[in-house]
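This is what each chain is made of:
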Amino acid sequence: AAPPTTPAPPATGSPASDPSTSATTAGPPVIVGGAWPNGVALTVATPVGARLVSALGETPLSLGGGEIAVSFPDGRGIGVMYQPGNLANGSTDPSDILRVRPDGTQIILYPAGNGETLRLHDVRVVDGRPEVLYSSRRGNGADNSHELLFIARPVQASAIQLGEIGGWESGTSQLHFGGDLIVGESFDKAGSTIFTMKVTGEAVPPPTLLASQPFATDCADCPHHFTVDPAGTRLGWIAGHELVIADRATGAEVARVPLPDAIGGDGGTVADLQLGEGVAVVNLSGANNTPLAATVIDFRGATPTFTASPVAGHAELT
């Protein structure tokens, strides 16, 4: 659906570098177009190609249509990790994971084997070298279905297996790097809860404030779509019609942002939540899991703003 044209209330006050209080709005929040938030860049994968969206406008990337495209976050031209195909629409076809250099050259880094489905989750740069988080699923029955998680280092041509994250009627959401953590949502027939794992593969107990809050599929207010900021210092999730941000170390809530009805309502189902420094990105999907325009939530000022991406597709913070 097209974003409402009613403008959001203007932001007041100066941007806060550390949003330590709950954010509120004077009226029902709405998603708008218009000016793009300063300092926010998205890599958006669409069925016909990928685009970089920033305050400078839209820039086409030398990719074909795809499921997910993630730019390496160091800005030094390492390139983009990219997965073609249409896994969001339920396809079980193998899908290779490619690295795309700034000149458009594509290299298949991780080819899907026979009977294997790969899923690209996230990328980051550590000590100047890229790392890729991806999973591999094999099998299609209760006795042989399993999904394994890997961290790959393209420069060293190596991959480390972290452990099993899914099986028959179980799995995870898209997972995100956050410092020494990997965070997302795990699910099985009984419901869902937060997924937390060290980047070394060690299990991590859920934070105290979430330990006793499993998410049930029929519970509108239960926490869900868990995520972490790149530094690993803050956790985020959606509860009801609010975005909740909490300090990882203390468990203290640092922000609670009311969300527009279009997020999780008639405007689309939440597919993924990403957290940055004072901003968040919500990916939405419509009928048949078709990606819709992502929403950027900017809560750096006194009044949060909600901006729809001008390009419909799966968006990743860049």
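Residues numbered from 1 in each chain as written. Predicted model: local features only at pLDDT ≥ 70, side-chain atom pairs only at ≥ 80, totals over all residues. Heavy atoms only, no water.

1. Description of the packing of aromatic side chains
- Going through the model one piece at a time under the given rule, you end up with three aromatic pairs.
- Taking the centre distance of 4.9 Å and the plane angle of 20° together, the rings of tyrosine 110 and tyrosine 134 count as stacked. One end of the pair, tyrosine 110, is in strand S7 (residues 106–110); the other, tyrosine 134, is in strand S9 (residues 129–138), and 24 residues separate them in sequence. For the pair shown, tyrosine 110 and tyrosine 134 are each scored as buried.
- Members of the aromatic cluster, joined through ring pairs, are Tyr110, Tyr134 and Phe150. (Phe/Tyr/Trp six-rings, centres within 6.5 Å; stacked < 30°, edge-to-face > 60°. Helix = DSSP H or I, 4+ residues; strand = E, 2+ residues; numbered from the N terminus. Buried < 20%, exposed > 50% of the residue type's maximum accessible area, 1.4 Å probe, protein only.)

2. Notes on the nonpolar core
- Leu243, Ile297 and Phe299 are the most contacted members of the largest nonpolar core, which totals 19 residues.
- Those elements that provide at least two residues to this core are strand S18 (242–247), strand S19 (253–258), strand S20 (269–275), strand S21 (279–285) and strand S23 (305–312).
- Ignoring any residue separated from it by four or fewer positions in sequence, one finds leucine 243 in contact with Trp237, Ala255, Arg256, Val257, Leu259, Leu273, Ala280, Ile297 and Phe299.
- In terms of nonpolar packing, the next biggest core, distinct from the first, is built from 16 residues, Leu118, Leu120, Val132 and Phe150 among them. (Core = buried A, V, L, I, M, F, W, Y, C linked by side-chain atoms within 4.5 Å. Contact = heavy atoms within 4.5 Å.)

3. A look at the pattern of salt bridges
- Tallied over the full model, the rule gives ten salt bridges.
- As a salt-bridge pair, glutamate 147 and arginine 137 come within 2.9 Å of each other at their nearest N and O atoms. Pair noted here: glutamate 147 is in strand S10 (residues 146–153) and arginine 137 is in strand S9, with a separation of ten residues, a long-range link.
- By relative accessible area, arginine 137 is classed as partly exposed at 24%.
- For arginine 256, the salt bridge goes to glutamate 253, with nearest N and O atoms at 2.9 Å.
- Taking relative accessible area as the criterion, glutamate 253 reaches 38% and is therefore assigned partly exposed. (Salt bridge = Lys/Arg side-chain N within 4 Å of Asp/Glu carboxyl O.)

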